[in-house]
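In case you want the letters, here they are:
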Amino acid sequence: MATNTGTGWSFPEGVKFYPEYLTREHQRALLEEVREVVAAAPLYVPVMPGTGTPLSVRMTNCGPLGWVTDKDHGYRYQSVHPVTQAAWPPIPDSLIHIWEQVTGYPKPPDACLVNFYTEDARMGLHQDKDEQALEAPVVSVSLGDTCLFRLGGRRRDDRTRSFRLASGDVLVLGGEGRLAFHGVDRVYPGTSTLLKNGGRINLTLRRVNL
DNA sequence: TAGTGGCT
DNA sequence: TCAC
């Protein structure tokens, strides 16, 4: 059963959108925990496999595993920060709780990707498919400035729908939507006061290992 | 192919 | 959308 969005386009089955899931207080507390993660595991600029073209987002991770990409070894999960070689810091409890509440998946997430978007950062249309546990949903939590998010289907050429993700929104990609192409077309500067210097933070919770 | 410049 |  797909969710009707009133635009003639429905979310794929298994996609759940929770606008304003987190209160402002919860967002502030979560942001503080993200700052601790970034203090332990600094943001860095990932690059595309093969070409070495930098992505426009800055990235870090928390949890037993982190998603990384580089010129020589491509997309993968690994247990250490690619620059410092230190183990990733733990996933904050509040994020584990969100995962439990919105998924009900029997195992906790073992990876949390932290993406920081400045006002000119983008994320091209892609699928999350580097995980073994493809039956586990992917959970996205937005903090800071609003972005224009694009969601399609399992094939790159499936039609897409764009909608905004604002601070405190939670999006779950499960079921048919687990392998849906998605990306971030733009960030709207000045749309949130949560981050003093602006920008958007996206936290993506995933179960990688079975 | 999680990016992007250039051409129709 | 294509082609790199």
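The coordinates are above.
The structure contained in this document is the topic of the report that follows. Fair warning: this is a prediction, and the values are worked out from it, not measured in the lab. (Residues numbered from 1 in each chain as written. Chains lettered and ligands numbered in written order. Predicted model: local features only at pLDDT ≥ 70, side-chain atom pairs only at ≥ 80, totals over all residues. Heavy atoms only, no water.)

## Considering the overall build of chain A
What chain A contains, in helices and strands, is two helices and 14 strands. Its C-alpha atoms give chain A principal-axis dimensions of about 45 × 35 × 35 Å. Out of the 210 residues in chain A, the part that is buried amounts to 51%. The contacts in chain A between residues at least 6 apart in sequence include a share of 72% that link residues at least 24 apart. Placing the 23 positive and 23 negative side-chain charges of chain A at their respective mean positions leaves the two points 4 Å apart. (Helix = DSSP H or I, 4+ residues; strand = E, 2+ residues; numbered from the N terminus. Buried < 20%, exposed > 50% of the residue type's maximum accessible area, 1.4 Å probe, protein only. Contact = heavy atoms within 4.5 Å. Lys, Arg positive; Asp, Glu negative; His and termini not counted. Charge placed at Lys NZ, Arg CZ, Asp CG, Glu CD.)

## Section: helix 1 (residues 24-40)
With 17 residues, helix 1 should cover 24 Å at 1.5 Å per step; its first-to-last C-alpha distance of 25 Å lies within 8% of that length. Listing the buried residues of helix 1 in full gives Gln27, Leu30, Leu31, Val34 and Val37. Down the axis, helix 1 shows its buried residues gathered within 115 degrees of arc, on one side only. When the buried face of helix 1 is taken as reference, the exposed residues oriented beyond 90 degrees from it are Glu25, Glu36 and Ala39. Those residues of helix 1 that are buried lie in contact with strand 4 (58-62), helix 2 (93-102), strand 7 (111-117), strand 9 (138-144) and strand 14 (200-206). (Expected span 1.5 Å × (residues − 1). Arc of directions from axis to C-beta.)

## A closer look at the pairing of strand 9
By the criterion of burial, strand 9 is predominantly enclosed, with seven of the seven residues buried. Pairing geometry for strand 9 and strand 12 (residues 170-173), over four bridges, is antiparallel. Along strand 12, the bridge assignment pairs Ser140 with Leu171. Of the strand pairs in this sheet, strand 9 and strand 14 are connected by six bridges, and their pairing is antiparallel. (Pairing = 2+ DSSP bridges.)

## What about the pattern of salt bridges?
Summed over all chains, the structure comprises eleven salt bridges. The salt bridge partner of Arg35 is Glu32, with a shortest N-O separation of 3.6 Å. Taken together, the residues Arg35 and Glu32, both in helix 1 and three residues apart, mark about one turn of the helix. Classification of Glu32 as partly exposed rests on a relative accessible area of 39%. For Asp157, the salt bridge is made with Arg155, and the minimal N-O distance between the two is 3.2 Å. Of the two residues, Asp157 and Arg155, neither departs from the other in class, the shared state being exposed. When salt bridges that share partners are traced, they join Asp128, Glu131, Arg178 and Arg206 into one network. (Salt bridge = Lys/Arg side-chain N within 4 Å of Asp/Glu carboxyl O.)

## Some remarks on the pairing of strand 13 (residues 182-187)
Judged from the two bridges that link them, strand 8 (residues 123-126) and strand 13 form a sheet pairing that is antiparallel. Looking at strand 13, one finds that Met123 is bridged to Val184. Relative to strand 13, strand 10 (residues 147-151) is paired through five bridges, and the arrangement is antiparallel. Its bridge partner lying in strand 13, Leu148 is registered against Arg186.

## Remarks on the environment of Gly198
Mapped onto the secondary structure, Gly198 falls in the loop between strand 13 and strand 14. Sequence separation between Gly198 and Arg154 is 44 residues; the distance between their C-alpha atoms is 33 Å. Beyond its immediate chain neighbours, meaning those up to four positions away, Gly198 contacts Phe116 and Asp145.

## Examining the protein's contact with DNA strand B
Taken together, the neighbourhood of DNA strand B is formed by Met48, Trp67, Tyr75, Arg122, Met123, Gly124, Leu125, His126, Asp130, Arg156 and Arg206. Looking at DNA strand B alone, sugar and phosphate atoms form 67% of those within 4 Å of the protein. Here a sugar or linking oxygen of DNA strand B and a side-chain polar atom of His126 are 3.2 Å apart. One of the side-chain N or O atoms of Asp130 is found 3.4 Å from a base nitrogen in DNA strand B. With four residues, strand 8 is the largest single contributor of residues to the surface near DNA strand B. (Near = heavy atom within 4 Å. Polar contact = N/O pair within 3.5 Å; in protein donor to acceptor, adjacent residues only side chain to side chain.)

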